[in-house]
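Observations on the three-dimensional arrangement
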Amino acid sequence: MYEHAKKAYAAYGVDTEKAIAALGAIPISVHCWQGDDVIGLDGGGSLSGGIQTTGNYVGRARDFDELTADIEKAFSLMPGKKRLNLHASYAVLGGDAGKVDRDGYKPEHFAKWAAFAKNLGFDGIDFNPTMFSHAMVKDGLTLSSPDESVRKFWVAHCRACIKISEYFASEFGTPALMNIWIPDGFKDVPADRLTPRLRLKKSLDEILSVGYDRSKVTVAVESKVFGIGVESYTVGSNEFYQNYAAKNGICCLLDNGHYHPLEYVSDKIPALLTFYDTVALHVTRGVRWDSDHVVLLEDELKEIAKEIVRNGATEKVKIGLDYFDASINRLSAWVTGQRSMQKALLYALLINHDELKKLQDASDFTALMVRQEEYKTLPFGAVWDEYLRREKISADYLSEIRKYESDVLSARK
Ligand code: RNT
Ligand code: ZN
């Protein structure tokens, strides 16, 4: 079947061998937080900050050993190059538990993660300050808080996180992305939309002044349109962060659940690539809202992948995953989402973009439409199966996961 597919694609001027090789080299940063419903290990206990997991499927990972066991199993079923995306709330505090708070976290609190990820051959670790699920989130505010002790606490946390990101970059020899997302906003109509943003700007300035090696750490800022309980105003809006990033030489992170449902993040990628060397993504699937459903091979995901591939931006665009489903087997959720991203990238790599671009420039929109439709029924699945075979990954992950569920997860009650 692969030989047949190879010929079918060759007729379009597409080399399936090149596509397979290119796919294996594109890193995907896989989030650790699908395994435990974004609870973390540092005592937060429950999720807050306008984000939510729903469902109560058996087997949530409750500690470092369970979470790493699940990551090891799930990641073994994911093809391609993988990075681990960690949140600060996954600190392994050991004897420092109860003594050190998030403003004092150090690389040593993440040494176990670095060792674990190295052992499994990950490309690197990306990092995120955790500014939710914590007592110092006051009235829903962090970096934009009018309470100086709150604002300063979170500035210190982010500064600490930059140092931890730098540590990960040094350990792995690959740059780490450090993404800042805050829940700050208001449920109802605010009286002042400017001052909180001025405070957020000041906080970001103070964070970046920590002094760090920009070749090792890429700081990103993630905007959002609204969250649960903060529907009327979000301090870290799209315009706010895009301007901040542009003026300060940092990176924008686009989460495709964070815009109005009629906006497309696929279209925002080339807009940002016009101006930025690096663009970061949180790939998710919003169903009617920012619901963070498991990523599936849908049209918008294919469009996102096309924008990365056809603009030669596989190194510029940092692909990260961000979804959390607690209503189904969490490992299956993890693997399905990661494989969907890989499939979308492969789909995009199996298109003769030069030909399509020429048709566009020649205003031959008739042929352009016909060609694009033809790609949809080419034997994509045969190339995908061949890719999995070469990655030594079984196409069937469901039975592996079911076995893990009965052997390991079902005992977690
Ligand atoms: C929330 C943001 C944020 C989080 C993770 C856990 O709306 O998308 O990225 O989902 O950091
Ligand atoms: Zn996100």
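This report concerns the structure included in the present document. Residue numbers run consecutively from 1 along every chain, following the written order of its sequence. All chains are assigned letters beginning at A, and all ligands numbers beginning at 1, according to the order in which they are written. Local features in a predicted model are, by the rule used here, given only for residues with pLDDT of at least 70; side-chain atom pairs are given and counted only at 80 or more, and totals for whole chains, interfaces and linings are based on all residues. Water and hydrogen atoms play no part in the side-chain values, which are based on all heavy atoms of the structure.

1. Concerning the overall build of the chain
Secondary structure elements follow DSSP: runs of H or I of four or more residues count as helices, runs of E of two or more count as strands, with numbering from the N terminus. Counting its secondary structure elements, the chain contains 14 helices and 12 strands. In this description the radius of gyration comes from C-alpha coordinates, and the expected globular size is given by 2.2 Å times residues to the power 0.38. On C-alpha atoms alone, the chain measures out to a radius of gyration of 21 Å, which is about the 22 Å that the 2.2 N^0.38 rule sets for 413 residues. Per-residue burial over the chain gives 55% buried out of 413 residues. Contacts spanning at least 24 positions in sequence make up 80% of the contacts within the chain whose residues lie at least 6 apart. Each residue is placed in one exposure class: buried if its accessible area under a 1.4 Å probe, protein chains only, is under 20% of its type's maximum, exposed if it is over 50%, and partly exposed if it falls in between. Two residues form a contact once any of their heavy atoms are found within 4.5 Å.

2. Considerations on the coordination of the zinc ion (ligand 2)
We call an atom a donor if it is N, O or S and sits within 2.8 Å of the metal, or 3.2 Å for Na, K and Ca. Water is not counted, so some sites may look partial. Bound to the zinc ion (ligand 2) on the protein side are Glu222 (OE), Asp255 (OD), His282 (ND1) and Asp322 (OD), at distances that span 2.1 to 2.2 Å. Around the zinc ion (ligand 2) sit 6 donor atoms; with metal-centred angles ranging over 72 to 173°, the donor geometry is octahedral. Counting gaps between the donor residues of the zinc ion (ligand 2) yields the pattern E-x32-D-x26-H-x39-D. Taken together, the residues span a long stretch of sequence, with Asp255 in strand β8 (residues 251-255) and His282 in strand β9 (residues 279-283) at a distance of 27 residues. Among the residues examined, Asp255 registers a relative accessible area of 0% and is labelled buried. Irregular is the default label, applied whenever a site is not tetrahedral (four donors, all angles between 85 and 135 degrees) and neither square planar nor octahedral (four or six donors, opposite donors over 155 degrees apart, all other angles between 65 and 115).

3. Observations regarding the packing of helix α8 (residues 265-273) against helix α9 (residues 299-310)
Here the axes come from fitting lines to C-alpha atoms, over the contacting stretch only for helices, and the angles between their N-to-C directions go from 0 to 180 degrees. Two elements in contact, α8 and α9, have axes separated by 8 Å at closest approach and are oriented at 15°. If you check the angle between α8 and α9, you find them roughly parallel. Crossing handedness for the pair α8 and α9: right-handed. Within the contact between the two elements, α8 uses Val265, Ser266, Ile269, Pro270 and Leu273 and α9 uses Glu300, Glu303, Ile304 and Glu307. Convention used here: angles under 35 degrees read as roughly parallel, angles over 145 as roughly antiparallel, angles from 65 to 115 as roughly perpendicular, and any remaining angle as oblique. For a crossing to be left-handed, the near helix must be turned anticlockwise from the far one by less than a right angle; the clockwise case is right-handed.

4. Focus: empty space enclosed by the protein
To find the voids left in a structure, one rolls a probe of water-molecule size over its atoms. Here a cavity denotes a set of grid points, spaced 1 Å apart and computed over the protein atoms alone, in which a 1.4 Å probe fits but from which it cannot get out, and a pocket denotes an open set meeting protein on both sides within 12 Å along at least five of seven lines; residues with an atom within 4 Å of a point are reported as lining. Grid points are joined across faces, edges and corners, and a volume is the space filled by probe spheres set on the points. Evaluation of the coordinates by the stated rule reveals 3 cavities of 30 Å³ or more. Estimated volume of the largest cavity: approximately 160 Å³. Considering the residues around the largest cavity, the lining is formed by 18 residues, among which Ile51, His87, Trp181, Glu222 and Asp322 are closest to the centre. When grouped by side-chain class, the residues that make up the lining of the second largest cavity number 5 nonpolar, 3 polar and 1 charged. Charged residues are taken to be Asp, Glu, Lys and Arg, nonpolar residues to be Ala, Val, Leu, Ile, Met, Phe, Trp, Tyr, Cys and Pro, and polar residues to be all remaining types, Gly included.

5. Details of the site of ligand 1
The nearness test applies per residue and asks whether one of its heavy atoms lies within 4 Å of the molecule or strand. Around ligand 1 lies a shell of 13 residues, among which His87, Glu222, Lys224, His258 and Asp322 are the nearest. Between N or O atoms, a polar contact is any pair within 3.5 Å; within protein, one atom must be a potential hydrogen donor and the other a potential acceptor, and residues adjacent in sequence are included only when both atoms are from side chains. With respect to ligand 1, the side chain of Glu222 contributes an N or O atom lying 2.7 Å from an oxygen atom. Here His282 contributes a side-chain N or O atom positioned 3.1 Å from an oxygen atom of ligand 1. In short, Shrake-Rupley with a 1.4 Å probe defines the accessible areas, and a residue's cover is counted only from the protein chains shown. In isolation ligand 1 exposes 300 Å². Once the protein is present, 100% of that is buried.

6. Some words on the side chain of Asp42
Following the sequence through the fold, Asp42 ends up in the loop between β1 (28-31) and α3 (64-75). Only 2.8 Å separates the side chain of Asp42 from the side chain of Arg102, close enough to count as a polar contact. With residues up to four places along the chain from it excluded, the contact list for Asp42 reads Ala88, Ser89, Leu93, Arg102 and Tyr105.

7. Considerations on the state of the cysteines
Two cysteine sulfurs form a disulfide in these notes if their separation is within 2.5 Å. If you walk through the whole model with that rule in mind, you get 0 disulfides. With no disulfide partner, Cys161 has as its closest neighbouring cysteine sulfur the one in Cys158, 6.0 Å distant. By relative accessible area, which is 0% here, Cys161 ends up buried.

8. Quick notes on the pairing of strand β3 (residues 125-128)
The alternating pattern of β3 places Ile125 and Phe127 on one face and Asp126 and Asn128 on the opposite face, and all of these are buried. The criterion for strand pairing is that DSSP finds at least two bridges linking the strands in question. In this structure, strand β2 (residues 82-87) lies alongside β3, joined through 4 bridges in parallel fashion. Bridging across to β3, Asn85 finds its partner in Asp126. Between the parallel pair β2 and β3, the chain is carried across by helix α4 (residues 111-119), and the sense of this crossover is right-handed. Viewed with both strands pointing away, a crossover whose connecting path from the first strand over the helix to the second turns clockwise is right-handed.

9. Some remarks on the pattern of salt bridges
Any two side chains of opposite charge can pair if their charged atoms end up close together. Salt bridge, as applied in this entry: a Lys or Arg side-chain nitrogen positioned within 4 Å of an Asp or Glu carboxyl oxygen. The final tally for this structure, using the stated rule, is 27 salt bridges. A salt bridge links Glu206 to Lys152, with the shortest nitrogen-to-oxygen separation between them at 3.5 Å. Of this pair, Glu206 sits in helix α6 (residues 195-208) while Lys152 sits in helix α5 (residues 148-172), and the two are 54 residues apart along the sequence. With a relative accessible area of 19%, Glu206 lands in the buried category. Notably, a salt bridge pairs Arg371 with Glu355, separated by 3.1 Å at the nearest N-O pair. Here Glu355 lies in helix α11 (residues 353-361) and Arg371 lies in helix α12 (residues 365-375), a separation of 16 residues in the sequence. Owing to a relative accessible area of 26%, Arg371 belongs among the partly exposed residues under this scheme. A relative accessible area of 25% places Glu355 in the partly exposed class. Each of the salt bridges in this network shares a partner with another, and the network as a whole consists of Lys6, Glu17, Glu386, Arg389 and Arg390.

10. Here's the deal with the environment of Lys357
Among the structural elements, Lys357 can be located in helix α11. Given a relative accessible area of 35%, Lys357 falls into the partly exposed group. Sequence separation of Lys357 and Leu368 is 11 residues, and the distance between their C-alpha atoms is 8.6 Å. Polar side-chain contacts of Lys357 include one of 2.7 Å to the backbone oxygen of Arg310.

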